[in-house]
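Spelled out, the chains give:
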Amino acid sequence: MSKMQTEKRICKKCLLRDLAAEDQKNIKRYLDAIKRQDRVDEQVYEQRLAVCKECDRLHEATCQACGCYVELRAAIRHGRCPYKKW
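Going along each chain's sequence as written, the residues are numbered from 1 onward. Predicted model: local features are reported for residues with pLDDT of at least 70 only, side-chain atom pairs are reported and counted for 80 or more only, and whole-chain, interface and lining totals are derived from all residues. Excluding hydrogens and water, the side-chain figures rest on all heavy atoms present in the structure.

**Student:** Looking at this model, I keep getting lost on the overall build of the protein. Mind explaining?
**Tutor:** Only DSSP runs of H or I reaching four residues or more are called helices, and only runs of E reaching two or more are called strands; each is numbered from the N terminus. Helix and strand counts for the protein stand at four helices and two strands. Reading the helices (α) and strands (β) of the protein from amino to carboxyl end gives α-α-α-β-β-α. Here the protein holds 86 residues, and 30% of them are scored as buried. Areas reported as accessible are Shrake-Rupley estimates using a 1.4 Å probe. Residue values count occlusion only from the protein chains shown. Summed over all atoms, the accessible surface of the protein reaches about 6300 Å², with 51% contributed by carbon and sulfur. Between buried and exposed lies partly exposed: a residue is buried under 20% and exposed over 50% of the maximum accessible area for its type, with that area taken using a 1.4 Å probe on protein chains only.

**Student:** What am I meant to see in the packing of aromatic side chains here?
**Tutor:** The way to describe two aromatic rings as a pair is by their centre distance and the angle between their planes. In summary, the pairing rule links any two rings of Phe, Tyr or Trp, Trp by its six-membered ring, whose centres are within 6.5 Å, and it sorts them by plane angle into stacked for under 30 degrees, edge-to-face for over 60 and tilted for everything else. Enumeration over the complete set of coordinates arrives at zero aromatic pairs. Over the ring of Tyr 30 we find Arg 29; its NZ or CZ atom is 5.3 Å from the centre of that ring. Placement of a charge over a ring requires the Lys NZ or Arg CZ to be within 6 Å of the ring centre, with the centre-to-atom vector within 35 degrees of the ring normal.

**Student:** Please explain the state of the cysteines as it appears in this structure.
**Tutor:** A covalent bond bridging the sulfur atoms of two cysteines is what the word disulfide describes. Disulfides are defined as cysteine sulfur pairs within 2.5 Å. The full count for this structure, using the stated rule, is zero disulfides. Left without a disulfide partner, Cys 52 is nearest to the cysteine sulfur of Cys 81, which lies 6.2 Å away.

**Student:** Can you walk me through helix α3 (residues 42-54) in this structure?
**Tutor:** A turn of α-helix holds 3.6 residues, and therefore any two residues three or four places apart point the same way. What a helix is expected to span follows from its residue count: subtract one and scale by 1.5 Å. Counted at 1.5 Å a residue, the expected span for α3 with its 13 residues is 18 Å, and the 19 Å between its end C-alpha atoms agrees. For α3, the secondary structure elements touched by its buried residues are α2 (21-33), β1 (58-59) and α4 (70-75). Whether two residues are in contact is decided by their heavy atoms, any of which lying within 4.5 Å being enough.

**Student:** What should I look at first to understand the confidence of the model for the protein in this one?
**Tutor:** When pLDDT drops low, the exact placement of atoms in the prediction is not to be read closely. For the protein, the mean per-residue pLDDT works out to 85, and 84% of the residues sit at or above 70. Residue-level confidence of the predictor, termed pLDDT, takes values from 0 up to 100. By mean pLDDT, the top-scoring element of the protein is α3 (96), and the lowest-scoring one is helix α1 (residues 3-6) (47). In the model, residues 1-6 has pLDDT below 50 throughout and makes one contact with residues more than four positions away in sequence or in other chains.

Written out as structure tokens, the structure is:
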């Protein structure tokens, strides 16, 4: 294998669900722990994530403005974007 093939690729515009399988398991576990009444519905959640994926502050699933994992903040009813995009 070449050096390029063995290096971990950094995805600046990815969410955790786009990264490694272990990251996907972890985010699901955290999302499942949020009480239903504290969560937004799936449509709002996906809309929020779509906005985050277009933001220049997204880096490896983390909001560089506040340090949160965007998938967690977007799921919480009272969660807000630091730039008031949602």
